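Breakdown of the fold
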Amino acid sequence: MAQPSVEKDTKKSGNDVDSGTSSSVEEGWTEWDEVKARRKVDFSVLPLLFLGLLVFQLDRMNIASALTGGFAEDIDVSLDTINAGNQMMFAGIVLLEIPSNLALQKLGPRKWIAGQVLAFGTVASLQIFIHNKAGFLASRLILGFCESGYIPGAIYTLSTWYSKRELAKRVAILFFGMFGANAISPLLATGILKLDGAGGLHGWQWLFLLEGLFTIVVSFILLFFLPGSPDMPRPLLSPGLIRFDSNDRDILQKRLERDDNENNGGAQGMEIPLQLVWKTATHYPRWPHFISTFCLFSTWSSLTTYTPSILKSLGWDTIAANALAAVGASLSLVFVFIFAYISDKTNLRGGTVILAQVCFLITLIVAREVHPHVGQWSRWALWTAVNALAVGYHPVHNTWLQLNCRSPGERSISIAMWVMSAISGLMVGTQYYQAKDGPFYSNGLRIQIIIVSVGIVFAILQVGIYKVHNKRVAEGKHEADEDGQEPQIYVP
């Protein structure tokens, strides 16, 4: 039996742009026809999922700005309780991550994603009624339940529209919604918190109410305008602003089949058998992806929750602290794009992930060593650098994982497991920064340095596993699997 070529398959996964013009002509359409069809997706599906992720992040991280507006004091809770509440929220997300993803497969994105955004927007707006510890903890847990599955669902939905080659940049753009919310949330808070006392409400109540209501508005936008998938692109409640004709549908479906024989461009009513769920979950050669993600992303929860409070403790007032916190979060968008570009340009998927992780590690080390010895603005610059480089690896790591999945079902479950790993990390990371460790947080930074180092080791291990596997395939040492498929060629 002829053995597959490692070089050929690797390039197919990464460097070919949909097999070029000649294959498009053979299929019965021109390259320009394909570009026009893809642009319709770029201007409909992608921005709407981006908007959903933006409000997703706004609703779960505005607690950071609420704390600067006296939220903890008003409901009489300690920072330990705030940490516990965030842990419960992340636990709720993890518990229902895979069930939510299975529901997406069953119902399709038009119904599930819009309904989910409506649910967590409603819960977020009702946080204005929190007045004690029990109410806070319950609201965070329910918010987590409602938000579970959105990220893997959105990423999976994109994978039903785009080829593997196109996906990296689109996933990076999608994550701009999350990291963009991290940037604009403090800026929005600087204005909303000024409403303190208006209508008999605290500033933090206005923050929860207005941002929650905006999320509800977004849910109705999704109901009316989010296309489903190439085989059923019409939105649920309207013809849509951007319409796909039969030629567009044919192009979008066939080019995905050409890119991946098992991807037929459908996401409506597809069921994933439990056998595939188990097979994917127990595929241990992929576990270093999840461990590395757990380690690295655990650092982000403490940064997003406490950066405005840290800056306030360094001498700025509430408004200035929130405004200054937005700078690092805004710069993170630049680094996300830079690393996504490097990943696509070089096709060194694992190498780019490791590069981004190492840059973050160096920044943490410098911050811990220099922070106690410099002035107020230099400390702000250090925290800004840490926040700027805290997530550059994240979207490219997701793309790396997806490129090494065979079927849409396997990809969907793997994305869910990857998000569960990230959220589990966030849950643990809420405890990295303790009040007694402020304002320099030397112990918290030390923990982050150690955990990031561990994550880098596992990312390197993942590259090694893929390269060893590919070498064995090239040498003919791997036979077809139990389903009769040729041995998979991984993208290291």
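Note that the structure is a prediction, hence the values are computed from the model and not measured. Think of each chain on its own: its residues are numbered from 1, step by step along the sequence as written. pLDDT decides what is reported in this predicted model: residues at 70 or higher carry local features, side-chain atom pairs at 80 or more are listed and counted, and totals for whole chains, interfaces and linings draw on all residues regardless. The basis for the side-chain values is all heavy atoms of the structure; hydrogens and waters are excluded.

**Comments concerning helix α21 (residues 408-429)**
Our working definition: For helices the rule is a DSSP run of H or I covering at least 4 residues; for strands it is a run of E covering at least 2, with both sets numbered from the N terminus onward. Expected helix span is given by 1.5 Å per residue-to-residue step, counting one fewer step than there are residues. Exposure is judged per residue with a 1.4 Å probe applied to protein chains only, and the accessible area is read against the type maximum: over 50% gives exposed, under 20% gives buried, and values in between give partly exposed.
Helix length check: α21, at 22 residues, gives a terminal C-alpha distance of 31 Å against a target of 32 Å (1.5 Å per residue), a fit within 8%. A large share of α21 lies buried, amounting to 19 of its 22 residues.

**What to know about a nonpolar patch on the surface**
Quick note on the threshold: Residues enter a patch when their relative accessible area is above 30% and they make no salt bridge; the linking distance is 9 Å between like charges and 5 Å between nonpolar side chains (Val, Leu, Ile, Met, Phe, Trp, Tyr). Only the protein chains shown count as covering a residue, and every accessible area follows the Shrake-Rupley method with a 1.4 Å probe. When a carboxyl oxygen of Asp or Glu lies within 4 Å of a side-chain nitrogen of Lys or Arg, that pair is called a salt bridge.
A cluster of nonpolar residues, Leu 95, Leu 96, Ile 142 and Phe 145, forms a patch on the protein surface that exposes about 340 Å² of accessible area. Mapped onto the elements, Ile 142 comes out in helix α10 (residues 133-147). By relative accessible area, Ile 142 is classed as partly exposed at 42%.

**Observations regarding the packing of helix α15 (residues 274-281) against α21**
Our working definition: To obtain an axis, a line is fitted to C-alpha atoms, over the contacting stretch when the element is a helix, and the angle between two such axes runs from 0 to 180 degrees between their N-to-C directions. Roughly parallel here means an angle under 35 degrees, roughly antiparallel means over 145, roughly perpendicular means 65 to 115, and every remaining angle is called oblique. Put simply, a crossing is left-handed when the front helix is turned counterclockwise from the back one by less than a right angle, and right-handed when it is turned clockwise. In this description, contact between two residues means that some pair of their heavy atoms is separated by no more than 4.5 Å. As a working rule, the residues Ala, Val, Leu, Ile, Met, Phe, Trp, Tyr, Cys and Pro are called nonpolar, Asp, Glu, Lys and Arg charged, and the rest polar, with Gly in that last group.
Interaxial distance between α15 and α21 falls to 9 Å at its minimum, and their mutual angle equals 55°. Relative to α21, α15 is oriented oblique. Relative to α21, the crossing made by α15 is right-handed. Residues Leu 276, Val 277, Thr 280 and Ala 281 of α15 touch α21, and the partners they reach there are Gly 409, Glu 410, Ile 413, Ser 414 and Met 417. Classifying every residue of the contact of α15 with α21 gives five nonpolar, three polar and one charged.

**As for the pattern of salt bridges**
According to the stated counting rule, one finds nine salt bridges in the structure shown. One salt bridge connects Arg 170 with Asp 42, and the closest N-O pair in it is separated by 3.1 Å. Note that Arg 170 is positioned in helix α12 (residues 164-192) and Asp 42 in helix α3 (residues 31-42), a separation of 128 residues in sequence. Taking the relative accessible area as the measure of exposure, Arg 170 reaches 13% and is therefore buried. Arg 255 is the salt-bridge partner of Glu 166, the closest N and O atoms lying 2.8 Å from each other. In this pair, Glu 166 sits in helix α12 while Arg 255 sits in helix α14 (residues 246-259), placing the two residues 89 residues apart along the sequence. For the pair Glu 166 and Arg 255, one class covers both residues: buried.

**Things to note about the state of the cysteines**
The criterion, for reference: Count a disulfide wherever a pair of cysteine sulfur atoms falls within 2.5 Å.
Summed over the entire model, instances satisfying the criterion amount to zero disulfides. Of all cysteine sulfurs in the structure, the one in Cys 359 sits closest to Cys 295, which takes part in no disulfide; the separation is 18 Å. Residue classification places Cys 295 among the buried residues on the basis of a relative accessible area of 3%.

**Section: unusual backbone geometry**
Positive phi, close to 60°, is recorded for Asp 76, a residue that is not glycine. Mapped onto the secondary structure, Asp 76 falls in the loop between α6 (71-74) and α7 (79-95). According to the relative accessible area criterion, Asp 76 is exposed, its value standing at 68%. Of note, the phi angle at Asn 347 is positive, near 60°, even though the residue is not glycine. Relative to the assigned elements, Asn 347 resides in the loop between α17 (318-346) and α18 (349-370). Here Asn 347 falls in the buried class, since its relative accessible area comes to 9%.

**Details of the packing of helix α16 (residues 287-313) against helix α19 (residues 376-388)**
One can describe the packing of α16 onto α19 by two numbers: an axis separation of 11 Å at closest approach and a directional angle of 170°. In terms of orientation, α16 lies roughly antiparallel with respect to α19. Taken together, the residues of α19 that come into contact with α16 (itself represented by Leu 303, Thr 307, Ile 310 and Leu 311) are Trp 380, Trp 383, Val 386 and Asn 387. Grouping the constituent residues of the contact of α16 with α19 by class yields six nonpolar, two polar and no charged.

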